[in-house]
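Each chain is listed here by its residues.
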Amino acid sequence: MSSWDRRLTVAGVQDRGLRADYTTAARVFARRILAHYAAVRLLVAPELHPHVVAAYAFLARTDDLADQGPLHERLPRWAAWAEQVGAGLESGRAADPVLRAFLHTVAARRLPHHWVHTYLKATTEELHFTGHATEADFQHYVDGLALPALMLIEDLQYEGGGDAVFRSRCRSFAEGLQRLDFLTDLTDDLAEGRLYLPQEDLDRFGVSRADLEQGQDTAGVAELVALTCRRTRKSLTDSRALVNCTAPGFRPLQRALLDLAEHQLSRVERSGTSVTRRAVGYGVRVPLAVLLRERRRLGGAPSPC
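On a predicted model such as this, the values are computed, not experimentally measured, just so you know.

I'm lost on the pattern of salt bridges in this one. Help?
Opposite charge on two side chains allows them to pair when their charged atoms are near. Across all of its chains, the model carries 25 salt bridges by this definition. One salt bridge in this structure joins D201 and R231, with 2.7 Å as the shortest N-O distance. You can see D201 sitting in helix 11 (residues 199-204) and its partner R231 sitting in helix 13 (residues 219-239), a full 30 residues away along the chain. The structure contains a network of salt bridges with shared partners spanning E135, D143, R171, E175, R179, D201 and R231.

Which parts of the structure should I look at to understand the nonpolar core?
In summary, soluble globular proteins display a tendency toward joint burial of nonpolar side chains. Core analysis: the largest hydrophobic core is formed by 97 residues, its most contacted members being F58, F102 and L152. Looking at this core element by element, the count peaks at 11 residues for helix 8 (residues 135-154). In this structure, F102 is in contact with A54, A55, F58, L111, V116 and L152, ignoring residues within four places of it in sequence.

What should I look at first to understand empty space enclosed by the protein in this one?
Gaps left between atoms are located by rolling a probe of water-molecule size over the structure's atoms. One pass over the full model with this rule turns up one cavity of 30 Å³ or more. Reported here for the largest cavity is a volume of approximately 30 Å³. Sorting the residues of the lining of the largest cavity by element identifies helix 9 (164-184) and helix 13 as the ones contributing at least two each. Among the residues making up the lining of the largest cavity, the classes are represented as three nonpolar, one polar and three charged.

Sorry, what's going on with the state of the cysteines here?
What makes a disulfide is a covalent bond joining the sulfur atoms belonging to two cysteines. If you walk through the whole model with that rule in mind, you get zero disulfides. Looking at C170, it has no disulfide partner, and the nearest cysteine sulfur is the one in C245, 8.5 Å off.

Sorry if this is basic, but what is going on with the layout of surface pockets here?
Of the voids in this model, the largest pocket is the one considered here, and its volume is about 1600 Å³. Together, 45 residues line the largest pocket, and R32, D63, Q178, D181 and D185 are the ones closest to its centre. Looking at which element gives the most residues to the lining of the largest pocket, the answer is helix 9, with eight residues. Taken together, the residues of the lining of the largest pocket break down into 27 nonpolar, seven polar and 11 charged. For the second largest pocket, the calculated volume is near 280 Å³. In terms of lining residues, the second largest pocket is bounded by 14 residues, among which A122, E125, D137, H140 and Y141 are the most central. Elements supplying a minimum of two residues to the lining of the second largest pocket: helix 7 (113-126) and helix 8.

What exactly am I supposed to notice about the confidence of the model for the protein here?
In regions of low pLDDT, the predicted coordinates are not meant to be interpreted in detail. Taken over all residues, the pLDDT of the protein has a mean of 94, while the share at 70 or more is 97%. Per-residue pLDDT stays below 50 along residues 300-305; that stretch engages in 15 contacts with residues further than four places along the chain or on separate chains.

Mind showing me how you'd approach the packing of aromatic side chains here?
Given two aromatic rings, their pairing is described by the distance between the two centres and the angle made by the two planes. Taken as a whole and assessed by the stated rule, the structure comprises 12 aromatic pairs. Both rings, one in Y141 and one in Y196, keep their centres 6.0 Å apart while their planes meet at 55°; by these two values the pair is tilted. A residue pair is termed long-range when its members are at least 10 positions apart, and Y141 in helix 8 and Y196 in the loop between helix 10 (186-191) and helix 11 qualify at 55 residues. Take Y141: its relative accessible area is 11%, and that puts it in the buried class. Y196 gets classed as buried once you look at its relative accessible area, which sits at 9%. Each residue in the set F129, F138, Y141, F182 and Y196 is aromatic and connected to the rest through ring pairs, giving one cluster.

The rules behind the values
Residues numbered from 1 in each chain as written. Predicted model: local features only at pLDDT ≥ 70, side-chain atom pairs only at ≥ 80, totals over all residues. Heavy atoms only, no water. Salt bridge = Lys/Arg side-chain N within 4 Å of Asp/Glu carboxyl O. Helix = DSSP H or I, 4+ residues; strand = E, 2+ residues; numbered from the N terminus. Core = buried A, V, L, I, M, F, W, Y, C linked by side-chain atoms within 4.5 Å. Buried < 20%, exposed > 50% of the residue type's maximum accessible area, 1.4 Å probe, protein only. Contact = heavy atoms within 4.5 Å. 1 Å grid on protein atoms, 1.4 Å probe; cavity = no way out; pocket = protein on both sides within 12 Å on 5 of 7 lines; lining within 4 Å. Points joined across faces, edges and corners; volume = space filled by probe spheres on them. Nonpolar A, V, L, I, M, F, W, Y, C, P; charged D, E, K, R; others polar. Disulfide = S-S within 2.5 Å. pLDDT = per-residue confidence, 0-100. Phe/Tyr/Trp six-rings, centres within 6.5 Å; stacked < 30°, edge-to-face > 60°.

In structure tokens, the structure reads:
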């Protein structure tokens, strides 16, 4: 029996057809986000591993359907997918193998359905996104989209979902990751006509959208990037308490995700205004070192709160 088959068995996935669905989900996840797939494969406990894979694959499939292609093609495609997901949550059945695996995970781990519904609603609104006018608009975005998406993975640690303390710490992590994403993907977003940084922040430093699109190296752009980095750093620092509320089988991945986010933010801070001209990744050496460190530490974490 292969390692993957053993993990499916330990996770309670017995049906032959369902095991094939989870295998399809694993392939989708690996093709879409190979680095994250490797981290999950190395660091998540076997009984959680297939469920985390199914959630990541569902998010990847949903994101692709919402983002790829002209808007007039995406809208009907997205509406059909959202309807299929909603119906699947009610019936437990679906035509898509990735969705079938995810629905089984939702049932097996008793994942709260409201996270899925909130995420779908916010993604529908995202199709018509024109920008955040204020910081308050951004915070609403985190509550509607970033946090639910994160909780589809984080809440799998606890059958029925985590408690209020756990959710509040996940919320800090969701905010930090979202701000970081705005910075690392700034050039790609601008190329696609999207700008996620709040307009009031641009106005505060006298920065125009054209300044960012043209990659201007001005004092205003530098201050804008620095402010966003400071806010991101605070959210990620606050998120460190999340490790203490993380289930043992998920804790190595949690530490790795936090470390990698802070590492990527440090790269953004060093890049300064050049984030308007090129995307900022993780690099190779540090991510490998983080994964190897956590792999060695498996099994020695304190009890969750």
